[in-house]
Amino acid sequence: MEAPTPRTALFKDAEHLARVAGLFLLGIGGFWVAQRLLVPEGFGQYGHYRPGALADKRDQPLVFAGRAACEQCHTDIAETKAKGKHARPACEACHGALALHASDPTVKPTRPDGRTLCLRCHAALVGRPSPFPQIDAAEHAPEGACTACHAAHDPGLGGAP
Amino acid sequence: MGSTIPGVDGYMYPNEMELQWGLLIVLYPFITGLVAGAFILASLERVFKVEQVKPTYRLALLTALAFLLVAPLPLQLHLGHPERSFEMYLTPHLTSAMAMFGFVYLWYLMAVLLLEIWLEWRREIVLLAASTTGVRGFVYRLLTLGSRNISERALALDDRVGWLVTLIGIPSAFLLHGYVGFIFGSVKANPWWSTPLMPIVFLFSAIVSGVALVLLMYMAVCALKGVAADMRCTDTMGRYLLYAFVIDFSLEMLDLLHRVYEADESFKSLDFMVHTRLYGSHILVQIVAGTMVPIGLLALTQVLSLTERARRGLYVAATILTLVGIFAMRWNVVIGGQLFSKSFLGYTTYKMEFATREGLFTAALLLALPFLILWGLVRLLPPWTAPEWRTDRTTA
Amino acid sequence: MTVDRREFLSRTGKLLLLTGTAAAALEHVLAGRAAAAPGYAETEHWWGMIVDIDKCIGCGNCVRACKEENDVPREPYYFRTWVERYHVEHGDMEHPTVDSPNGGFDGFPERYASGDGSKSFFVPKLCNHCVESPCVQVCPVGATFRSRDGVVLVDKDYCLGCRYCVQACPYGCRYIDPRKHVVDKCDLCYHRITKGLTTACAEACPTGARQLVDLKDPKDPVHAFLRTRSIQVLKPQMATHAKVFYAGLDGSVR
């Protein structure tokens, strides 16, 4: 039998390494295919993220309607409020989240209690900036609703109910 | 001023009171540290020709593999959505050190460790493929990858390629464990973690833990097999352990000194934490019992002339304390970094659970698992050929 | 619904590569969805928030509104936004006393007296929607990102729950939702602001201490605010380029 040339002998002795190299290439190829298949659509289009996430976020339902929605129907109250001291707080700051009511007016919101709610902001508390109107609840009309004297939408004394 | 929340003193941001990374995240760098350290020890012989540690070469490789196979488990158990972890392969965010985990891990497993082990054992694999029957024989035949060439030239080629793989493996091992140090060290929000020294400290403590583990295991396996441990080998490992320890300790002390001297805005808060909540694990376990005592014991073996028995005893004591100490170091970094508030006004406590996904029991199982795997590996790929330990690679 | 051959191969390929559960869970993630909203162009906006400490009364309306709008877990301690109360005695800026009982959700109980040489004030906090956000930097997969209109968002269907971003945030504004096991945080009520509404917290704030601002809008009050008041961001040394601007922020604030 013909003696193997040095080159063929080398290849024969390195054959197992060639198999390993082949396995590696197969693995890398498989990985590349998997990547092409599995990366979410559009990923990286605007940055390193899935653009579908933005749509997901935007689809989140509203819980607060926003004052513009309230003012669309309750124009008279909006007008009264805009002239008085409570112009700044939005409707839902006191009335709570009302997107359900805004989309279906037959859903009745609950009327806030005319004392607990008011004290949440207006009870004197160290740390509240001094220009902000605060009262000592034990001394300032300790019994009864605040709305007995202060109209909720125009609380300045002498204003319309 | 005390707070009314149990376990919390002072003020913590509301979202900070619960720890984010717990025991399993302590375990992960401990495990990869052992892998890197065991591999560096193996490379000492293969690349740097420290032939005294030759008897541990194969054992070190198998130990590294056993621990490497377990390494991803604590991470998977910790994730909120482990089924999504493959996303790190699909869309790795290149600015995140954590994103490189999947690739570095795969690279190290496939292109370094498995390849090196395969090349090292190939001769035995081919022989056993021919002589073994049943399932085991099938496994060996599979491992041959279809090639039965164990001629001298082929084996010499294996040796050269193996040398190259080990050479590449050293920076790969550095990366495998160093990146974890960078994960912590690059978080500017956390002053306990944020330091450029972190990857280096992690690496040297990894080398310390890996060498200690292999030294301990070598002596244990010798004892189990009723074979005398090669004292030249153990003494050399002890020496390298001491060197690595001195460097590691110096780095940690440098970090400490720097913090105390600069005393930046976080210092008072961190100092208080170390003296109270972290006192036991940091001062007592990590520094005193886990570093200074082992260094002392190892130094004794260098300066005194001791009997073999005495040295073996000292090595056992030193390595066990070392492993506990390095675990404590990981604990102090991970848990310690979350015990104080980023407002520097408060502290919380780590509520370790027992039988949950991230609990103590799970951690214990995860620590035991590599030894089980190693037992299996040793049976499949013996680090020695019967009847006695063979360190010579080319003779039957 | 017709499924052509290419689609079939693609689907089968994916299913073969993933386990059934992962495939099912990811089906809608993998599918493309229109990123653009009708009538809203991201590039025309650059969102932020202004907070006026001199107006905050610590009523906790914002905390309650946010939890309601965004379905934040009610049990402590998970907050997209919260209010802190600072108490500084004799000008000792280094050692303020801070509290935030349930994040300010139920307001603040009376605790301090006035006229004893101390000062107290309230500081609302939220995600600062940093331009150089360290949380975005560390996310390993791209589940948290800064949108083109400047809001840092979390993709809940993509998040692994690794918690790296929670560690990286210097402000403590992130948490893990215990029900979904993914990260959550203030997203500036993205679902509202892209429809021309304001954020829930700004809507509920009775004094206007918190206001959503659009820095790209020349008519937005933010420009006058930044020009006329002394402005700070939290932890400026972190160089995160935060977009929540505080007026009247004391040096004792952490």
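Residues numbered from 1 in each chain as written. Chains lettered and ligands numbered in written order. Predicted model: local features only at pLDDT ≥ 70, side-chain atom pairs only at ≥ 80, totals over all residues.

## Here's the deal with the overall build of chain A
Okay, step 1: From N to C terminus, chain A includes 7 helices and 0 strands.
Okay, step 2: Helices and strands appear in chain A in the N-to-C order α-α-α-α-α-α-α.
Okay, step 3: Taken over the C-alpha trace, chain A has a radius of gyration of 36 Å; the compact-globule value for 161 residues is 15 Å, which it surpasses by more than 25%.
Okay, step 4: Along the longest, intermediate and shortest principal axes, the C-alpha atoms of chain A span 120 × 40 × 25 Å.
Okay, step 5: Here chain A holds 161 residues, and 24% of them are scored as buried. (Helix = DSSP H or I, 4+ residues; strand = E, 2+ residues; numbered from the N terminus. Rg over C-alpha atoms; globule rule 2.2 N^0.38 Å. Buried ≥ 20, exposed ≤ 12 C-beta atoms within 10 Å, placed from the backbone.)

## A look at the overall build of chain C
Okay, step 1: Helix and strand counts for chain C come out as 8 helices and 11 strands.
Okay, step 2: Each of the 254 residues in chain C was classed as buried or not, and the buried ones make up 52%.
Okay, step 3: Expressed as a percentage of contacts within chain C between residues at least 6 apart in sequence, the contacts between residues at least 24 apart total 64%. (Contact = placed C-beta atoms within 7 Å.)

## Description of the domain arrangement of chain A
Interface size is commonly expressed as the accessible area that is lost once the parts come together.
Okay, step 1: One can read the domain layout of chain A as domain 1 (15-58), domain 2 (61-111) and domain 3 (113-150).
Okay, step 2: Here the C-alpha centre of domain 3 of chain A lies 61 Å away from the C-alpha centre of domain 1 of chain A. (Domains from an automatic or database assignment.)

## Section: the confidence of the model for chain A
Okay, step 1: For chain A, the mean per-residue pLDDT works out to 89, and 91% of the residues sit at or above 70.
Okay, step 2: Helix α5 (residues 91-95) of chain A holds the highest mean pLDDT among the elements of chain A, 95, whereas helix α1 (residues 6-38) of chain A holds the lowest, 87. (pLDDT = per-residue confidence, 0-100.)

## Digging into the interface of chain A and chain B
Okay, step 1: Residue-level contacts link 13 residues of chain A with 13 residues of chain B.
Okay, step 2: Here the side of chain A that touches chain B is composed, by residue class, of 6 nonpolar, 3 polar and 4 charged. (Nonpolar A, V, L, I, M, F, W, Y, C, P; charged D, E, K, R; others polar.)

## Overview of the packing of helix α9 (residues 231-262) of chain B against helix α11 (residues 279-303) of chain B
All names here are of chain B.
Okay, step 1: Packing of α9 against α11 brings their axes to within 10 Å, and their N-to-C directions diverge by 140°. Judged on the interaxial angle alone, α11 and α9 are oblique. At the point where α9 passes α11, the crossing takes the left-handed sense. Two secondary-structure elements touch here, α9 through Gly238, Arg239, Leu241, Leu242, Phe245, Val246 and Phe249 and α11 through Thr291, Pro294, Ile295, Leu298, Ala299, Thr301 and Gln302. (Axes fitted to C-alpha atoms, helices over the stretch in contact; angles between N-to-C directions. Parallel < 35°, antiparallel > 145°, perpendicular 65-115°, else oblique. Left-handed = near helix turned anticlockwise from the far one by under 90°.)

## A short note on the pairing of strand β9 (residues 210-214) of chain C
Residue and element names in this part refer to chain C.
Okay, step 1: Among the 5 residues that make up β9, 4 are buried, leaving the element largely enclosed by the rest of the structure.
Okay, step 2: With 5 bridges connecting them, strand β1 (residues 47-52) and β9 associate as antiparallel partners. Looking across to β9, one finds that Val51 is bridged to Arg210. (Pairing = 2+ DSSP bridges.)

## Here's the deal with the sheet that holds strand β10 (residues 231-232) of chain C
Okay, step 1: As summarised here, the arrangement of the 4 strands in space is β9-β1-β11-β10 (chain C), forming an open sheet in which the pairing is mixed. Across the chains shown, the open sheet's two edge strands, defined by having one partner strand only, are β9 and β10 of chain C.

## A short note on unusual backbone geometry
Note: most residues except glycine have negative phi, and most peptide bonds are trans.
All names here are of chain C.
Okay, step 1: One non-glycine residue, His90, lies in positive phi territory at about 50°.
Okay, step 2: You can see His90 is positioned in the loop between β2 (81-89) and β3 (97-99).
Okay, step 3: By C-beta crowding, His90 is classed as exposed, having 8 other C-beta atoms within 10 Å.

## Side note on the domain arrangement of chain C
All names here are of chain C.
Okay, step 1: Along its sequence, chain C is organised into domain 1 (1-33), domain 2 (46-130 + 188-247) and domain 3 (131-184).
Okay, step 2: Centre-to-centre, using C-alpha coordinates, domain 2 lies 20 Å away from domain 3.
Okay, step 3: Residue-level contacts link 21 residues of domain 2 with 17 residues of domain 3.
Okay, step 4: Those elements that place two or more of their residues in the side of domain 2 that touches domain 3 are β1 and β4 (118-126).

## Thoughts on the environment of Gln72 of chain A
Residue and element names in this part refer to chain A.
Okay, step 1: Of note, Gln72 is situated in helix α3 (residues 67-73).
Okay, step 2: By the C-beta count within 10 Å, which is 11 here, Gln72 ends up exposed.
Okay, step 3: Spatially, the C-alpha atom of Gln72 lies 19 Å from that of Asp154, the residues being 82 residues apart in sequence.

## Things to note about the interface of chain C and chain A
Okay, step 1: Taken together, the contacts link 53 residues of chain C with 38 residues of chain A.
Okay, step 2: Counting only elements with at least two residues in the side of chain C that touches chain A, the list comes to α1 (5-17), α2 (20-30), α3 (61-69), β4, α6 (190-193) and α7 (200-204) of chain C.
Okay, step 3: Its residues placed into classes, the side of chain C that touches chain A shows 24 nonpolar, 15 polar and 14 charged.

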